[in-house]
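Given next are the chains, with one letter for each unit.
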Amino acid sequence: MKTVALEATDRTPVMLEYAGFAAAATGMSFAEFAGDPLKGTDAMIETFKKVGGADGLDYGSYTPALLSFIWLSKVLVSGEHLPADEPWQVQEIELMKPEDYDKIVDMGWEAFFPQFLESNIKAGLMEQFGGFVGIQREVLQKWGAVDAPIMQAGTITTPYEMFCGGRTMPKFIFDLYRMPDKVEKAMEAAAPYMAPQAIDLTKQLGLPAIWIGGWRSASEMLARSLWERFVWPYFKRIANEVLDAGIIPLFHLDSSWTRDLEMFKEFPAGKCIISFDGSTDIVKAKEILGDTMCIMGDVPASLFSHGTPEDVYDYCRNNIKKIGPTGYIIHSGCDIPIDAKVENVSAMMKAAEAK
Amino acid sequence: MSEIIVEALSELREDELLEAVRTEHDKGVPALDIVGQLQKGMRVIGDRFEKQEYFLSEMIMASEIFKEAVAILGEEFAAAGDAKYGTFVIGTIFGDIHDIGKDIVASTLSCNGFKVVDLGVEVPAEKWIAAIKEQKPRVIGISSLLTTAFDNIKKAIKEIDEAGLRSKVKILVGGGPMTQEVCDYVGADGYGKDVQAAIGLAQSMAGGE
């Protein structure tokens, strides 16, 4: 927490983020990991020990169903749609139709969202996800037993990301150009419902942060004028709701956000984490945001899977020099990939502990 | 012919562009000339993308309205366009179902002088080999979003080589976690870090007419 508050610490901390990697590292099938989140947590804990531990983790358990909630998309699940030893994947097909924008406004998001998920993605999905939420206390107890802090269990994104996933990216882009007012009205109808449940859950569990994700809404993906209208206002609104609740927004930003880093200066200093996947210019982020928020990232996925421990070590040491020592958390760029080598993951902690 | 087609396309003024294309087509302006103006508009868009004045959203929208405009010129043109760079075979490697990035690149390439043959997702080595033999592309593009699929790309390229086809085709790779190091590891000829880079590389690999 001192690092988030931009205070000095005796060394740079390391946070781990992984799901499927735990299945691969422990020899559990992806089907078993995906199908039983408590067993999946056990695999994550075993993996945590295998890599030599860290200062904490983003999340302590996982279900692929979560992806349907934030992408409005089907997920092909191991053991269900795919062979048991193949990792789950989001299937991006057009599930949301242009007429759904009006439906969102007419029905209200609270009514639209669950019926959309149940009808278009999977019957019983709400119940399944409710079950996942219901085990979170037990998940935290398991991690508590190995003294591993968990940052968050609440996941939020913007209406942009949900609609983009549901429509598919190209069709959604066409909508932004051809029916912008309709899209905006639907976003306004959905926005009040993005954060509250995650905030409630986070408070109940006593966790410090909430994950706020952006990937297709990245700066490099769309024109500044579109980003200013359809992304930022909702990002800012959600983040401020989280901040008002006394919780740390953990901005998980995939693809490049370099163009719009200045906007994040609007947030209060020492209260947020901004996490990059290797696409954003992290040095520029430090220049612009170093006095505002803690930077996390950005070891590339390919280094974990196809590099050496020395590659990962050197990358982290370089980042500590460029971005640290204060206000920086060593972290993978997004999830540690499924085929990461254990010794490569361990190299992050070695880099943090080196003098 | 006025520059209105170039301007309307490069400014993404869809209705104005389609109206201008219809007008020119009705006046009897040769379809190839109209396509030439459309491609000029696409080059303006590409330049702006490289200068970071335009972003992926503009590329996607431009490809869409380019295709709508070409469709006005008739079916045979919509199918073949002006493929001065020849055929480009694209697909997502086996073990991976992600296709959005691949679709965007395919769409944009088809507006930039290529006849694109899209093999879809989860494409095994034998399907790449069959496509190279049948379509005789100058360049193929293999896409993947998963690090777990890198070895599949390596395997496919090895099998293309074993089939005696490696020297006949240039291979581009791309996708979120792709890097130059991975490109070298799998044995490809180049990697496109974004759609415009992919177009530039593909065009230079394919050569001219």
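Note that the coordinates shown come from a computational prediction; the quantities given were computed from them, not determined experimentally.

Some points on the overall build of chain B
Here comes step 1: Counting its secondary structure elements, chain B contains 10 helices and five strands.
Here comes step 2: For a compact globule of 209 residues, the expected C-alpha radius of gyration is about 17 Å, and chain B comes in at 18 Å, within 12% of that figure.
Here comes step 3: Relative to its full complement of 209 residues, chain B shows a buried share of 53%.
Here comes step 4: In chain B, of all internal contacts separated by at least 6 residues, the share reaching a separation of at least 24 is 74%.

Regarding the domain arrangement of chain B
All names here are of chain B.
Here comes step 1: Split by domain assignment, chain B resolves into domain 1 (4-80) and domain 2 (87-206).
Here comes step 2: Each of domain 1 and domain 2 has a C-alpha centre, and the two are 26 Å apart.
Here comes step 3: Sorting the residues of the side of domain 1 that touches domain 2 by element identifies helix 3 (31-50) and helix 4 (56-72) as the ones contributing at least two each.
Here comes step 4: Looking at the side of domain 1 that touches domain 2, the element that brings in the most residues is helix 4, giving six residues.

Quick look at helix 10 (residues 169-178) of chain A
Here comes step 1: For helix 10 of chain A, the full list of buried residues reads A:Met169, A:Pro170, A:Phe172, A:Ile173, A:Asp175 and A:Leu176.
Here comes step 2: Tucked inside the fold, the buried residues of helix 10 of chain A contact helix 9 (159-167), helix 11 (180-190) and helix 13 (224-230) of chain A together with helix 4 and helix 6 (100-110) of chain B.

Regarding the interface of chain A and chain B
Here comes step 1: Tallying the contact residues gives 24 residues for chain A and 21 residues for chain B.
Here comes step 2: Of all the elements in the fold, those that place two or more residues in the side of chain A that touches chain B are strand 4 (89-91), helix 10 and helix 16 (301-306) of chain A.
Here comes step 3: Residue contributions to the side of chain A that touches chain B peak at five residues, all from helix 10 of chain A.
Here comes step 4: For the side of chain A that touches chain B, the per-class residue count stands at 15 nonpolar, six polar and three charged.

Points about the packing of helix 2 (residues 14-26) of chain B against helix 4 of chain B
Residue and element names in this part refer to chain B.
Here comes step 1: Where helix 2 meets helix 4, the closest approach of the two axes is 9 Å, and the angle between their N-to-C directions is 20°. By the angle between their directions, the pair helix 2 and helix 4 is classed as roughly parallel. With respect to the hand of their crossing, helix 2 and helix 4 are arranged in right-handed fashion. Contacts between helix 2 and helix 4 involve Glu-14, Leu-17, Leu-18, Val-21, Arg-22 and His-25 on the former and, on the latter, Ile-65, Glu-68, Ala-69 and Ile-72.
Here comes step 2: In the contact of helix 2 with helix 4, the residues fall into six nonpolar, one polar and three charged.

Focus: the pairing of strand 4 (residues 170-174) of chain B
Residues and elements named next belong to chain B.
Here comes step 1: For strand 4, a buried count of five out of five residues is recorded, marking the element as mostly surrounded by other parts of the structure.
Here comes step 2: Residues Lys-170, Leu-172 and Gly-174 of strand 4 are buried on one face, and the alternating residues Ile-171 and Val-173, pointing to the opposite face, are buried as well.
Here comes step 3: As defined by bridge partners, strand 3 (residues 139-143) adjoins strand 4 across five bridges and the pair is classed as parallel. When the bridges of strand 4 are listed, Val-139 appears paired with Lys-170.
Here comes step 4: Judged from the three bridges that link them, strand 4 and strand 5 (residues 190-192) form a sheet pairing that is parallel. Bridging from a neighbouring strand, Leu-172 pairs with Gly-190 of strand 5.
Here comes step 5: As for the winding sense of the linkage, the β-α-β connection from strand 4 through helix 9 (residues 180-186) to strand 5 is right-handed.

Here we look at the pairing of strand 1 (residues 87-92) of chain B
All names here are of chain B.
Here comes step 1: With respect to burial, strand 1 is a largely interior element, five of its six residues being buried.
Here comes step 2: In this fold, the crossover linking strand 1 to strand 2 (residues 115-118) by way of helix 6 has right-handed handedness.
Here comes step 3: In this sheet, strand 3 lies alongside strand 1 in parallel orientation, the contact comprising five bridges. The residue bridging Gly-91 from the neighbouring strand is Ile-142, located in strand 3.

Describing the sheet that holds strand 7 (residues 248-253) of chain A
All names here are of chain A.
Here comes step 1: Ordered in space as 5-6-7-8-9-10, the six strands form an open sheet in which the pairing is parallel. Looking at strand neighbours, the two that pair on one side only are strand 5 (155-157) and strand 10 (328-332), the edges of this open sheet. On average, each strand axis in the sheet is inclined to that of its neighbour by 25°, with strand direction left out of account.
Here comes step 2: In terms of strand pairing, strand 5 meets strand 6 (residues 209-214) through three bridges, oriented parallel. Directly across from Thr-155, in strand 6, lies its bridge partner Trp-211.

Overview of the nonpolar core
Here comes step 1: Ranked by internal contacts, the top residues of the largest apolar core, which has 191 residues, are A:Ile273, A:Ile274, A:Ile295, A:Met348, B:Val173 and B:Ala202.
Here comes step 2: No other element matches helix 4 of chain B, which puts nine residues into this core.
Here comes step 3: Split by domain, the residues of this core number at least three in each of domain 1 (4-80) and domain 2 (87-206) of chain B.
Here comes step 4: Among all residues touching A:Ile274, those that are not within four sequence positions of it are A:Phe251, A:Leu253, A:Phe264, A:Ala285, A:Leu289, A:Met293, A:Ile295 and A:Met296.

A short note on the sheet that holds strand 1 of chain B
In any sheet, the strands associate via hydrogen bonds between backbone groups, in a parallel or an antiparallel arrangement.
Residues and elements named next belong to chain B.
Here comes step 1: An order of 2-1-3-4-5 is seen for the five strands of this open sheet, with the pairing classed as parallel. Both outer strands of the open sheet, strand 2 and strand 5, are each paired with one neighbouring strand and no more. Neighbour to neighbour, the strand axes of the sheet diverge by 25° on average, direction disregarded.
Here comes step 2: Against the sheet, helix 6 contacts strand 1, strand 2, strand 3 and strand 4, and its axis sits at roughly 170° relative to strand 1.

Some thoughts on unusual backbone geometry
Here comes step 1: For the peptide bond that leads from A:Gly297 to A:Asp298, omega is -20°, which places it in the cis range.
Here comes step 2: Tracing the chain through its elements places A:Asp298 in strand 9 (residues 294-299).
Here comes step 3: Positive phi outside glycine occurs at B:Glu122, with the angle close to 50°.
Here comes step 4: A residue is classified by how many C-beta atoms lie within 10 Å of it, and B:Glu122, with 16 of them, is partly exposed.

Topic: the environment of A:Thr202
All names here are of chain A.
Here comes step 1: With respect to the helices and strands, Thr-202 occurs in helix 12 (residues 196-205).
Here comes step 2: Residue Thr-202 is classed as buried on the basis of its C-beta count, with 25 C-beta atoms lying within 10 Å.
Here comes step 3: Linking Thr-202 and Ala-245, residues 43 residues apart in sequence, is a C-alpha distance of 9.8 Å.
Here comes step 4: Sequence-distant contacts of Thr-202, defined by excluding residues within four places in its chain, comprise Gln-152, Ala-153, Gly-154, Leu-207, Ile-210 and Ile-247.

Rules used throughout
- Once a new chain begins, its residue numbering starts again from 1 and follows that chain's sequence as written.
- Each chain takes a letter, starting from A, and each ligand takes a number, starting from 1, following the order in which they are written.
- Residues qualify for local features only when their pLDDT is at least 70, as the model is predicted, and side-chain atom pairs are given and counted only at 80 or more; totals for whole chains, interfaces and linings, by contrast, use all residues.
- Note on conventions: DSSP H or I runs of at least 4 residues are helices, E runs of at least 2 residues are strands, and numbering of each starts at the N terminus.
- To get the radius of gyration, use the C-alpha atoms; to get the globule rule, take the number of residues to the power 0.38 and multiply by 2.2 Å.
- Put simply, a residue is buried when 20 or more other C-beta atoms lie within 10 Å of its own C-beta and exposed when 12 or fewer do; between those, it is partly exposed, and each C-beta is set from the backbone.
- Residues are treated as contacting if the C-beta atoms built from their backbones sit within 7 Å of each other.
- The source of the domain bounds is an automatic or database domain assignment.
- Throughout this entry, Asp, Glu, Lys and Arg are counted as charged residues, while Ala, Val, Leu, Ile, Met, Phe, Trp, Tyr, Cys and Pro are counted as nonpolar. The remaining residues, Gly among them, count as polar.
- A fitted line through C-alpha atoms serves as each axis, taken over the contacting stretch for helices, and the angle formed by two N-to-C directions is quoted from 0 to 180°.
- Here is the rule for angles: anything less than 35 degrees is roughly parallel, anything more than 145 is roughly antiparallel, 65 through 115 is roughly perpendicular, and the remaining ranges are oblique.
- Here is the rule for handedness: rotate from the far helix to the near one, and if that takes an anticlockwise turn smaller than a right angle the crossing is left-handed, while a clockwise turn gives right-handed.
- Here the rule is simple: two strands pair whenever DSSP picks up at least two bridges between them.
- By convention, a crossover is right-handed whenever its connection, traced from the first strand over the helix to the second and viewed with the strands pointing away, goes clockwise.
- Working definition: the nonpolar core is a set of buried Ala, Val, Leu, Ile, Met, Phe, Trp, Tyr and Cys residues, joined through C-beta atoms within 7 Å.

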